[in-house]
Amino acid sequence: MPAKGPVSILWQIIFVVFVPFLDLWAFYRIKKLKKYLLYVFVPQLVIGIIVTGLILGMAFEENSIEKLENFSGFEENNEQALNILGILMGLGFIIFSIYLIATWSERWNKQFLNS
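Now for a quick tour of the structure. (Residues numbered from 1 in each chain as written. Predicted model: local features only at pLDDT ≥ 70, side-chain atom pairs only at ≥ 80, totals over all residues. Heavy atoms only, no water.)

## Considering the overall build of the protein
Note the threshold: In this description a helix means any DSSP run of H or I spanning at least four residues, a strand means any run of E spanning at least two, and both kinds are numbered starting from the N terminus. A simple rule labels every residue: compare its accessible area, found with a 1.4 Å probe on the protein chains alone, to the largest value its type can have, and call it buried under 20%, exposed over 50%, or partly exposed in between. The contact definition used throughout considers only heavy atoms, calling two residues in contact when any of these lie within 4.5 Å.
From N to C terminus, the protein includes five helices and zero strands. Order of helices (α) and strands (β) in the protein, N terminus to C terminus: α-α-α-α-α. Within the protein, the fraction of its 115 residues that count as buried is 19%. Contacts in the protein between residues far apart in sequence, at least 24 positions, make up 66% of those at least 6 positions apart.

## So, the pattern of salt bridges
Inclusion rule: We define a salt bridge as a side-chain nitrogen of Lys or Arg found within 4 Å of a carboxyl oxygen belonging to Asp or Glu.
Under the definition given, this model contains one salt bridge. Its salt-bridge partner being Lys110, residue Glu106 comes within 3.8 Å of it at the nearest N-O pair. Here Glu106 and its partner Lys110 are both found in helix α5 (residues 75–113), four residues apart, which amounts to about one turn of the helix.

## Some details on unusual backbone geometry
You will see that Phe21, though not glycine, has its phi angle at about 70°, which is positive. Residue placement: Phe21 occurs in the loop between α1 (9–18) and α2 (22–29). For Phe21, a relative accessible area of 64% translates into the label exposed. Backbone geometry at Lys31 places phi at a positive 60°, although glycine is not the residue there.

## A look at the environment of Tyr99
Within the secondary structure layout, Tyr99 lies in helix α5. We classify Tyr99 as exposed; its relative accessible area is 51%. Considering only alpha carbons, one finds Tyr99 and Ile13, 86 residues apart in sequence, at a separation of 9.0 Å.

## Here we look at α2
Rules: Throughout, the arc means the angular range of directions from the helix axis out to the C-beta atoms.
Inspection of α2 places Asp23, Ala26, Phe27 and Arg29 among the buried residues, and these make up the whole buried set. All buried residues of α2 fall inside an arc of 155° around its axis, so they share one side.

## Things to note about the nonpolar core
Defined as follows: In this description, a nonpolar core means a group of buried Ala, Val, Leu, Ile, Met, Phe, Trp, Tyr and Cys residues linked to one another through side-chain atoms lying within 4.5 Å.
If you look at the biggest cluster of nonpolar residues, it comprises 14 residues, and the most contacted ones within it are Phe27, Ile30 and Ile101. Taken together, the elements giving at least two residues each to this core come down to α1, α2, α3 (33–59) and α5. Considering every element that reaches this core, the biggest residue donor is α5, with five residues. Contact partners of Ile30, with chain neighbours within four places excluded, come to Val7, Gln12, Ile101, Trp104, Ser105 and Trp108.

## Topic: the side chain of Gln12
As for its placement among the helices and strands, Gln12 is situated in helix α1. In this structure, Gln12 is in contact with Val7, Ala26, Arg29, Ile30, Ile101 and Ser105, ignoring residues within four places of it in sequence.

## Overview of the side chain of Asn109
In this fold, Asn109 is placed in helix α5. Discounting residues that sit within four places of it in the chain, Asn109 has contacts with Pro6, Val7 and Ile9.

## Regarding the packing of α1 against α2
What counts, and what does not: Axis definition: a line fit to C-alpha positions, over the contact stretch in the case of helices; interaxial angles, taken between N-to-C directions, run 0 to 180 degrees. Residue classes follow a fixed rule: Ala, Val, Leu, Ile, Met, Phe, Trp, Tyr, Cys and Pro count as nonpolar, while Asp, Glu, Lys and Arg count as charged, and any other residue, Gly among them, counts as polar.
Where α1 contacts α2, the axes come no closer than 7 Å and their chain directions differ by 145°. In this structure, α1 contributes Gln12, Phe15 and Val16 to the contact, and α2 contributes Leu22, Asp23, Trp25, Ala26, Phe27 and Arg29. Classifying every residue of the contact of α1 with α2 by side-chain character gives six nonpolar, one polar and two charged.

Okay, structure coming up:
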């Protein structure tokens, strides 16, 4: 059930960052779940599917053995690059989620101050 009064912005941020699946509840409380799903959740899912598809696509192509051997030849560099890219993208989505929950929670709270 959405909140009937002001929400704690600190708790909203904690829910988004530290507790899995409570991010959905935090956005639902301020009636912004659909926007959160559209702006953050779906893009994360799509990017994850694309990256997984690219990696699996390499494995199932006709010359996959040669490509995989070439890929494994640079295994350490590729693995580090993929790890860094994944960490940066995850961090970017977390920062964006914090911005959204803080901004939208503040707007949510303002509507109760004016009443």
